[in-house]
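Architecture at a glance
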Number of protein chains: 2
Amino acid sequence: MAQEREKFLRQQSCPAKFSEVEAALGKFVEEQRQFQRKIVLVTSGGTAVPLESRTVRFIDNFSIGTRGASSTEYFLQEGYAVIFLNRDRSLKPFQRHFSHQNMLDLLHLDLETNSTSVKKEYESKVSRIVQRYTKCKEQNQLLSIEFQTLGEYLTYLQACATALRPLGSNAMLYLAAAVSDFYIPKEQMPEHKIQSSDGPIQLSLQLVPKMLEPLVSEWVPEAFTVSFKLETDKDLLVPKAKQALEKYKHQMVIANVLETRKREVTLITSQFSFPINLTAEEISRGVEIEERIVQQLKLKHCEFCEKNIPQ
Amino acid sequence: MAQEREKFLRQQSCPAKFSEVEAALGKFVEEQRQFQRKIVLVTSGGTAVPLESRTVRFIDNFSIGTRGASSTEYFLQEGYAVIFLNRDRSLKPFQRHFSHQNMLDLLHLDLETNSTSVKKEYESKVSRIVQRYTKCKEQNQLLSIEFQTLGEYLTYLQACATALRPLGSNAMLYLAAAVSDFYIPKEQMPEHKIQSSDGPIQLSLQLVPKMLEPLVSEWVPEAFTVSFKLETDKDLLVPKAKQALEKYKHQMVIANVLETRKREVTLITSQFSFPINLTAEEISRGVEIEERIVQQLKLKHCEFCEKNIPQ
């Protein structure tokens, strides 16, 4: 198992920006420690799995990173510093509030003064969000790192976890990214684009080794680690969550079903199951379930820190 | 072949917004005809191919729709009306100029007046683009239609082509979308998310029937139709482009290689090959190759219209 994992990680080429990212990570963690802030690593969005070496095609998943982007805002609100490890072109904290809009539609050009400002009808929404965004930038509370492929994600995940190790139990990992279960090994990948003229094709997908194992046992063993379980089949959820907790020995699984994930999740630890549901009234008021999740996690993380001697 | 195609199209479920889109299309085409504008259908971005019925995973390709989004702006500039059939979350005309930026970073909140405006250093860029965007909106020159899956793309493509038929040779089709060559037939798709506990998996991908054939021969036979050929292997380009022209009998193939596609393309018709190259100097000045492509196409389309009696 460990051997397989090592082989898999060796196969991944190093992201072009790796040393730049590593330096930024070190600096960010150091600054947060000076402020005595807790740090949460939020992973977000799906990972792409290349089907060809010079990649034209890849396997992807539907995740656009709603959970990760909104949770990040609530963690910031609760005083955490956040390392936001996210898929390129997935939703970003703050910007996500405009994802269904064309930002250009919010702007008005005054032809006389040739200056551009936000249209009256959008002013209050825009200024509310710009204010929160500016505050988090000024306080240097957020570090964003982007990945595209599974290999990039795993390389950065290891780097982030390792950087967080010195924080001991003050670090939280909130692994909301939808990581691919399958991949095509390099030696089986064609170099050039697969030709449709070759007719129907067979793809043989191998299992991606589970990185939660080395993450919990080696990379960042004292942290408070939360993983996610998303299924389309409700009956599989709780047994699979319990199974994961036993196997990887981390602190919590957040279980959710594809169709109801925005109003219903269950926080599962080895001791308890804690359901969080939004009422129809709350949903209509625009309450987001991530606010509730983060509030619960903050409490659980506090208890965890008190039980464990911080370094 | 036609049978296979019919079967494939029947398998695709109708997009939820189909009748809404169809009505908007009819209205748009009618208005443009009153203005006697030529209309180009620009397709843009990649198509997702689901691996499961309740889709968690899909096969995708790297395209983010740069070619389609920038070409759309140049077609608008040249006086065309544009139907922009594009992948959700791909690049959009005008907005694309800010795709590497967080739009929130462009804004400044004045806490005294509580109003938000564009920061001084970005004003000239933002107002230039807002001005062009506003003009095209006021003149009702652009209709945007979004798709995600291959099935949605093909359903909308047929609807767009059919709507353009009354224009005769005044319609252009600029098929820049990166359409998947392979798919998994519905009857072979699992309903629920594929479980990693089931071990490695085999995927058997079938060929997607080529829709360029019915498009040219049935849906919109009098239009000026331009398809794209993208390869990673340069030697395959020209022979494959010529092959496509002979087979589908449309007007032009734009051939390009993955690595050099932003500075080098070749326009290929049954009579000639016309290379377009940007010099290093032009690239450094920010010239986009799509401007040149669109200028050439406008000329060729004019010649084509003169040879063919418009309806």
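Figured I'd write up the structure that's included with this text. Because the structure is a prediction, the values reported are computed rather than measured.

Quick notes on the relation of the copies chain B and chain A
Once chain B is rotated about the relating axis by 180 degrees and shifted along it by 0.0 Å, it coincides with chain A to within an RMSD of 0.0 Å. Put plainly, the chains are arranged around a two-fold axis. A symmetric contact is evident, with 98% of the interface residues of chain B recurring at the interface of chain A.

With respect to the interface of chain B and chain A
In this assembly, 64 residues from chain B lie in contact with 63 residues from chain A. With both sides pooled, the region where chain B packs onto chain A buries about 5,800 Å², and carbon together with sulfur makes up 56% of that total. Of all residues in chain B, Arg89(B), Leu104(B) and Thr232(B) give up the largest surface area on contact with chain A, accounting jointly for 11% of the area buried on that side. Our enumeration of links across chain B and chain A arrives at four salt bridges. The residue Arg57(A) makes a salt bridge to Asp181(B) at a minimum N-O spacing of 2.8 Å. Counting every contact that joins chain B to chain A gives 22 residue pairs in polar contact (both at pLDDT 80 or more). Secondary structure elements with two or more residues in the side of chain B that touches chain A: β3 (57-61), β5 (107-110), β6 (115-118), α4 (123-138), β10 (201-207) and β11 (224-231) of chain B. For the side of chain B that touches chain A, a count of residues per class yields 28 nonpolar, 22 polar and 14 charged. As paired elements, strand β3 (residues 57-61) of chain A and β3(B) share five bridges and run antiparallel to each other. Bridge pairing in β3(B) links Phe58(A) to Asp60(B).

Points about helix α5 (residues 150-164) of chain B
All names here are of chain B. Here α5 spans 21 Å end to end across 15 residues, near enough to the 21 Å set by a 1.5 Å rise per residue. With 12 of 15 residues buried, α5 is to be regarded as a mostly interior element. For α5, the complete set of buried residues consists of Leu-150, Gly-151, Tyr-153, Leu-154, Thr-155, Tyr-156, Leu-157, Ala-159, Cys-160, Ala-161, Ala-163 and Leu-164.

Topic: the sheet that holds strand β12 (residues 252-257) of chain A
Residue and element names in this part refer to chain A. Taken in spatial order, the eight strands make up an open sheet running β7-β4-β1-β8-β11-β12-β13-β14, and their pairing is mixed. Two strands in the sheet have a free side with no partner beyond their single neighbour: β7 (142-147) and β14 (273-277). Put simply, the sheet's adjacent strands are angled 15 degrees from each other on average, direction ignored. Where strand β4 (residues 81-87) and β7 come together, six bridges link them in parallel fashion. In the sheet register, Arg-87 faces β7, and the bridge partner there is Phe-147.

A word on the sheet that holds strand β2 (residues 49-50) of chain A
Taken in spatial order, the four strands line up as β2(A)-β3(A)-β3(B)-β2(B) in an open sheet, and their pairing is antiparallel. Of all the strands in the sheet, just β2 of chain A together with β2 (49-50) of chain B have a single pairing partner and so form its edges. When β2(A) meets β3(A), the two strands line up antiparallel, connected through two bridges. Considered in β3(A), the bridge of Pro50(A) is made with Phe58(A).

Observations concerning the pattern of salt bridges
According to the stated counting rule, one finds 38 salt bridges over all chains in the structure shown. For Glu218(A), the salt bridge is made with Arg5(A), and the minimal N-O distance between the two is 3.5 Å. Residue Glu218(A) is found in helix α6 (residues 212-219), and its partner Arg5(A) is found in helix α1 (residues 2-11); the two are separated by 213 residues along the sequence. Owing to a relative accessible area of 41%, Glu218(A) belongs among the partly exposed residues under this scheme. Where Arg57(A) meets Glu52(A), a salt bridge forms, and the shortest distance between an N and an O atom there is 2.8 Å. Across the pair, exposure class does not vary: Arg57(A) and Glu52(A) are buried alike. Through salt bridges with shared partners, a single network forms among Glu52(A), Arg57(A), Asp181(B) and Lys210(B).

Some points on the pairing of β6(B)
Residues and elements named next belong to chain B. Where burial is concerned, the two faces of β6 differ: the one with Thr-116 and Val-118 is buried and the one with Ser-115 and Ser-117 is not. Across four bridges, the pairing between β5 and β6 is antiparallel. Its bridge partner being in β6, Leu-107 is matched across the sheet by Val-118. The turn linking β5 back onto β6 is made up of four residues, and Asn-114 within it adopts a positive phi angle of 55 degrees.

What counts as what
Along each chain, residues carry numbers from 1 onward, in the same order as the chain's sequence is written. Here chains are named by letter from A upward and ligands by number from 1 upward, in the order in which they appear as written. For this predicted model, a pLDDT threshold of at least 70 governs which residues receive local features, and a threshold of 80 or more governs which side-chain atom pairs are given and counted, while totals over whole chains, interfaces and linings are taken from all residues. The side-chain quantities take in all heavy atoms of the structure and omit both hydrogens and water. Residues below a pLDDT of 70 in either copy are left out; the C-alpha atoms of the rest, at least 70 in both, set the least-squares superposition of the copies. Contacts are assigned to residue pairs with any non-hydrogen atoms lying within 4.5 Å of each other. Buried area is calculated as the accessible area (1.4 Å probe) missing from two parts once they are joined, with the contributions of both summed. Within this document, salt bridges are pairs made up of a side-chain nitrogen of Lys or Arg and a carboxyl oxygen of Asp or Glu, the two lying within 4 Å of each other. Each polar contact in these results corresponds to two N or O atoms within 3.5 Å; when the atoms are within protein, one needs to be able to donate a hydrogen and the other to accept it, and residues that are neighboring in sequence are counted only if both atoms are side-chain atoms. Here a helix means four or more residues in a row that DSSP labels H or I, a strand means two or more in a row labelled E, and each is numbered from the N terminus. In this classification, the charged set is Asp, Glu, Lys and Arg, the nonpolar set is Ala, Val, Leu, Ile, Met, Phe, Trp, Tyr, Cys and Pro, and all remaining amino acids, among them Gly, are polar. Pairing between two strands requires that DSSP report at least two bridges joining them. Expected span, for any helix, means 1.5 Å times one less than how many residues it has. Working definition: with a 1.4 Å probe on protein chains only, accessible area under 20% of the residue-type maximum means buried, over 50% means exposed, and in between means partly exposed. In this analysis an axis means a line fitted to C-alpha atoms, helices contributing only their contacting stretch, and an angle means the value between N-to-C directions, from 0 to 180 degrees.

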